[in-house]
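Examining the three-dimensional arrangement
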Amino acid sequence: MAPVPAEEREVDFLPILSAAFDPLLNHCQQVASMMDAGDGQVFLVNCVAAMQAPLKQHAFTAQRVEMYTAILEDQAKLLVNGQAAAALSKLGLSERLKALREKPPGTPLAAVPELHPVSLESTLRAFYNALFTLGGALALPLLDRIANRALRAEATGRRHRDGEEGEKRGSAATIGGTQTPRR
């Protein structure tokens, strides 16, 4: 048992943590802001993870660890969302999904130019080709640059969960919409 309670150590150690880590965090954020958005997010995730690692070993740094965890989660979410949006745009799916969301109820899918069967067929063919092509449009190489293995796995898992959720919404909207049989 430590001679000083953890709460008291946390309060006493907070000024030291702030003096050591706040300027480092600010510098990392400034450097990240000068980079391309995705590269900056990866850089910041790697910096914050490196700052957080030694603090996890001590109970009296829990408040700072929680703060870094929130930053990591925010940056990973921004990174995954940005990479997914870029991949969807590259494949032409973002325009189709937007048209599907904005389609008035009762309007046949074929009546919306972006959702016409011929247009959808070519877009979906590109999607499935990319799906089974190593390094294709669905590859998100920035996620592989996250140094911390657990954070990289979490970001990759988030990408898969978000993709499955988007696929379910698209399928439900397509199945629920009026479809024109293929000729």
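Residues numbered from 1 in each chain as written. Predicted model: local features only at pLDDT ≥ 70, side-chain atom pairs only at ≥ 80, totals over all residues. Heavy atoms only, no water.

**Points about the overall build of the protein**
Counted only if it meets this: Strands here are runs of E lasting at least two residues and helices are runs of H or I lasting at least four, both read from the DSSP assignment and numbered beginning at the N terminus. For every residue, the accessible area (1.4 Å probe, protein chains only) is compared with the maximum for its type, and the residue is labelled buried under 20%, exposed over 50%, or partly exposed between those bounds. Two residues qualify as a contact provided that any one of their heavy atoms is within 4.5 Å of a heavy atom in the partner residue.
Across its full length, the protein carries seven helices and zero strands. Buried residues in the protein amount to 30% of all 183 residues. Excluding contacts between residues fewer than 6 apart, the proportion of contacts in the protein whose partners are at least 24 apart in sequence is 61%.

**Some thoughts on a nonpolar patch on the surface**
Stated precisely, the cut-off is as follows: Like-charged residues are merged into a patch within 9 Å and nonpolar side chains (Val, Leu, Ile, Met, Phe, Trp, Tyr) within 5 Å, provided each residue has over 30% relative accessible area and no salt bridge. Each accessible area value is a Shrake-Rupley result obtained with a 1.4 Å probe; residue values ignore everything except the protein chains displayed when judging cover. A pair is scored as a salt bridge if a Lys or Arg side-chain nitrogen falls within 4 Å of a carboxyl oxygen belonging to Asp or Glu.
Side chains of L124, Y128, L131 and F132 sit close together on the surface and give an oily, nonpolar patch of about 440 Å² of accessible area. L131 gets classed as partly exposed once you look at its relative accessible area, which sits at 40%.

**Considerations on the nonpolar core**
For clarity, the threshold we go by: Only buried residues count toward a nonpolar core, which is a set of Ala, Val, Leu, Ile, Met, Phe, Trp, Tyr and Cys residues joined through side-chain atoms within 4.5 Å.
In terms of nonpolar packing, the biggest core is built from 25 residues, with V48, Y68 and L143 touching the most fellow members. Of all the secondary-structure elements, those providing two or more residues to this core are α1 (6-33), α2 (37-55), α3 (62-91) and α6 (141-144). By residue number, the principal contributor to this core is α2, which donates eight residues. Within the second largest apolar cluster, five residues are counted, among which are A99, L100, V112 and L115.

**Quick word on the packing of α3 against helix α4 (residues 93-102)**
Put simply, the rule is: To obtain an axis, a line is fitted to C-alpha atoms, over the contacting stretch when the element is a helix, and the angle between two such axes runs from 0 to 180 degrees between their N-to-C directions. The scheme is simple: roughly parallel for angles under 35 degrees, roughly antiparallel for over 145, roughly perpendicular for 65 to 115, oblique for anything else. When residues are grouped by polarity, Ala, Val, Leu, Ile, Met, Phe, Trp, Tyr, Cys and Pro land in nonpolar, Asp, Glu, Lys and Arg in charged, and all others, Gly among them, in polar.
Remark: α3 packs on α4, axes separated minimally by 5 Å, with the N-to-C direction vectors making an angle of 95 degrees. The angle between α3 and α4 places the two elements in the roughly perpendicular class. Between α3 and α4, the contacting residues are L88, S89 and L91 on the first element and L93, S94, E95 and L97 on the second. Of the residues contributing to the contact of α3 with α4, the split by class is four nonpolar, two polar and one charged.

**What to know about the environment of L93**
Tracing the chain through its elements places L93 in helix α4. For the pair L93 and A126, spaced 33 residues apart in sequence, the C-alpha separation works out to 9.5 Å. Setting aside anything within four residues of it in sequence, one finds L93 in contact with L88, T123, L124 and F127.

**Concerning the confidence of the model for the protein**
For any part of a model where pLDDT is low, the fine detail of the predicted coordinates should not be relied upon. For clarity, the cut-off: What pLDDT reports is the predictor's confidence in each residue, on a scale of 0 through 100.
Averaged over every residue, the pLDDT of the protein is 81; residues scoring 70 or more account for 81%. This model gives residues 173-183 a pLDDT under 50, and the stretch forms 13 contacts once residues within four places in sequence are excluded.

**Comments concerning the side chain of Q52**
As a reminder, the rule being used: Here a polar contact means two N or O atoms within 3.5 Å. Within protein one must be a hydrogen donor candidate and the other an acceptor candidate, and residues neighboring in sequence count only if both atoms are side-chain atoms.
Residue position: Q52 is located in helix α2. A polar atom in the side chain of Q52 sits 2.7 Å from the side chain of T69. Among residues more than four places away in sequence, those in contact with Q52 are V65, Y68, T69 and L72.

**Notes on the packing of aromatic side chains**
Selection rule: Centre distance within 6.5 Å is the pairing criterion for rings of Phe, Tyr and Trp, where only the six-membered ring of Trp is used; planes under 30 degrees apart are then read as stacked, over 60 as edge-to-face, and the remainder as tilted.
On inspection of all chains with the given rule, the structure shows two aromatic pairs. Relative to F60, the ring of F13 lies with its centre 5.2 Å away and its plane at 90 degrees, an arrangement referred to as edge-to-face. One end of the pair, F13, is in helix α1; the other, F60, is in the loop between α2 and α3, and 47 residues separate them in sequence. Owing to a relative accessible area of 28%, F13 belongs among the partly exposed residues under this scheme.

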